[in-house]
Amino acid sequence: TRTTRPQRLLQAVSINAVRGDPDSVIKAIDHFCKHTEWAMNVGDEKGAILDLVVMETCPSTVLELGTYCGYSTVRITRLLPPATKLITVEMNPEYAHVARQVIQHAGLQDKVCVLEGESADLIPKMANMFGIQAFDFVFLDHWKDHYLPDIRLLEDCGLLAQGSVVLADNVVCPGAPDYLNYVRYNLKYSSRFYQAHLEYTRVLDGLERSEYQGD
Ligand SMILES: Oc1cc(-c2ccc(F)cc2)cc2cncnc12
Ligand SMILES: [Mg+2]
């Protein structure tokens, strides 16, 4: 097929969503994934849990690892107050290019920085790049075998502080067993599981919310 799935998803957004309206962008992507073509967005069921955790955290600084087409970027950013910045990291340049256009269609481009590259390379540079101390909220939604090394790297770079909330997607499917073991049995975290389903399917999945207890 000439076009890629992210490009077809972007086309569905540009046709069906209202410019400047994040909720219409979210609805257009969910409709596309339910009726046209499955895609690995966090989706509407897990997305509603993501919304609740973001709202109760009221974060000033947000990091997302794994942008894909920007669906969860839009979900999170639409809930943030005007002054807040969200940094999202995507290693695939083609995904990043589509995500920037989806985020722009939602009218949220001024609140989001899409960084292209490997999370392991970029995390150590973030404090200096953005003049931040710690992230109040981190959403892990990239390759599952990077969850554990990346949360350890965030700790080592002093980018987690007491009360920082880390929410991880796909801890059941595809699964992140080493990450779950770490956050559930390490006294530095208070962790809880939200049972849900793999986006747009009946397959079991879930989100793990882990709150950093401080050094
Ligand atoms: O939410 C997700 C789902 C899947 C996925 C793919 C194929 C399958 F069969 C089941 C699950 C892969 C992901 C990779 N990165 C981030 N999020 C993902
Ligand atoms: Mg995911």
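Scroll up to find the structure this text is about.
None of these values were measured; they are calculated from a predicted model.

**Re the site of ligand 1**
Then, in step 1: Every residue close to ligand 1 is listed here: W38, M40, D141, H142, W143, K144, D169, N170, C173, P174, L198 and E199.
Then, in step 2: Side-chain polar atom of D141 to a nitrogen atom of ligand 1: 3.0 Å apart, as the coordinates give it.
Then, in step 3: The residue inventory of the shell around ligand 1, partitioned by class, reads six nonpolar, two polar and four charged.

**What to know about the nonpolar core**
Then, in step 1: Within the largest apolar cluster, 42 residues are counted, with the highest numbers of intra-cluster contacts made by L9, I29, L50, I76, V102, F137 and F139.
Then, in step 2: It is helix 2 (residues 22-35) that contributes the most residues to this core, six residues altogether.
Then, in step 3: With residues near it in sequence (within four places) discarded, L9 still touches I29, F32, C33, A39, N41, C69 and V102.
Then, in step 4: Counting 29 residues, the second-largest nonpolar core is a separate cluster that includes L122, Y147, A168 and V183.

**Regarding the coordination of the magnesium ion (ligand 2)**
Then, in step 1: Distances from the magnesium ion (ligand 2) to its protein donors, namely D141 (OD), D169 (OD) and N170 (OD1), fall within the range 2.0 to 2.2 Å.
Then, in step 2: Site description for the magnesium ion (ligand 2): donor spacing in sequence, D-x27-D-N.
Then, in step 3: Residue D169 is classed as buried on the basis of its relative accessible area of 0%.

**Observations concerning the packing of helix 1 (residues 5-16) against helix 2**
Each pair of packed helices can be summarised by the angle the axes make with each other and by the distance between the axes.
Then, in step 1: Where helix 1 meets helix 2, the closest approach of the two axes is 9 Å, and the angle between their N-to-C directions is 130 degrees. By the angle class used here, helix 1 and helix 2 are oblique. At the point where helix 1 passes helix 2, the crossing takes the right-handed sense. Within the contact between the two elements, helix 1 uses R8, L9, A12, V13 and N16 and helix 2 uses V25, A28, I29, F32 and C33.
Then, in step 2: Residue composition of the contact of helix 1 with helix 2, grouped by class: eight nonpolar, one polar and one charged.

**Description of the side chain of K144**
Then, in step 1: One can find K144 in the loop between strand 4 (135-140) and helix 8 (147-156).
Then, in step 2: Here Y147 takes part through its side chain, which lies 2.9 Å from a polar atom of the side chain of K144.
Then, in step 3: Here N170 takes part through its side chain, which lies 3.0 Å from a polar atom of the side chain of K144.
Then, in step 4: For K144, the contacting residues outside a window of four places in its chain are D169, N170, P174, G175 and A176.

**Things to note about the packing of aromatic side chains**
Then, in step 1: Under the criterion given, the structure shown has four aromatic pairs.
Then, in step 2: Relative to Y95, the ring of Y68 lies with its centre 4.8 Å away and its plane at 85 degrees, an arrangement referred to as edge-to-face. Of this pair, Y68 sits in the loop between strand 1 (61-65) and helix 4 (71-77) while Y95 is found in helix 5 (residues 93-105), placing the two residues 27 residues apart along the sequence.
Then, in step 3: Through a chain of ring-to-ring contacts, the aromatic side chains of Y182, Y189 and Y212 assemble into a single cluster.
Then, in step 4: The side chain of R192 reaches across the aromatic face of Y194, ending 3.9 Å from its centre.

How each quantity is defined
- By convention here, each chain's residues receive numbers from 1 onward along its written sequence.
- Each chain takes a letter, starting from A, and each ligand takes a number, starting from 1, following the order in which they are written.
- Predicted model: local features are reported for residues with pLDDT of at least 70 only, side-chain atom pairs are reported and counted for 80 or more only, and whole-chain, interface and lining totals are derived from all residues.
- Calculation of side-chain values draws on the structure's entire complement of heavy atoms; hydrogens and water are dropped beforehand.
- Whether a residue is near a molecule or strand is decided by its heavy atoms; if any one of them lies within 4 Å of it, the residue is near.
- Throughout this description, a polar contact denotes any pair of N or O atoms lying within 3.5 Å of each other; where both atoms belong to protein, one of them has to be capable of donating a hydrogen while the other can accept it, and for residues adjacent in sequence the pair is counted only when both atoms sit in side chains.
- Residues are sorted three ways: Asp, Glu, Lys and Arg are charged, Ala, Val, Leu, Ile, Met, Phe, Trp, Tyr, Cys and Pro are nonpolar, and all the rest, Gly among them, are polar.
- Nonpolar cores were defined as sets of buried Ala, Val, Leu, Ile, Met, Phe, Trp, Tyr and Cys residues, with membership established by side-chain atoms within 4.5 Å.
- Exposure categories follow from relative accessible area, calculated using a 1.4 Å probe and restricted to protein chains: below 20% of the type maximum is buried, above 50% is exposed, and the middle band is partly exposed.
- Numbered from the N terminus, helices here are DSSP runs of H or I no shorter than four residues, and strands are runs of E no shorter than two.
- Whether two residues are in contact is decided by their heavy atoms: any pair within 4.5 Å suffices.
- Any N, O or S atom lying within 2.8 Å of the metal counts as a donor, and for Na, K and Ca the limit rises to 3.2 Å; water is left out, so some sites can look incomplete.
- Only the stretch in contact is used when fitting a helix axis, every axis being a line fitted to C-alpha atoms; angles between N-to-C directions are given from 0 to 180 degrees.
- We call two directions roughly parallel when the angle between them is under 35 degrees, roughly antiparallel when it is over 145, roughly perpendicular when it lies between 65 and 115, and oblique otherwise.
- Crossing handedness follows the turn of the near helix against the far one: under a right angle anticlockwise gives a left-handed crossing, and clockwise gives a right-handed one.
- Note on aromatic contacts: the rings of Phe and Tyr and the six-membered ring of Trp form a pair at centre separations within 6.5 Å, being stacked when their planes are under 30 degrees apart, edge-to-face when over 60 apart, and tilted otherwise.
- Our definition puts a charge over a ring when NZ of Lys or CZ of Arg is within 6 Å of the ring centre and also within 35 degrees of the ring normal.

So yeah, pure geometry; function would need other evidence.
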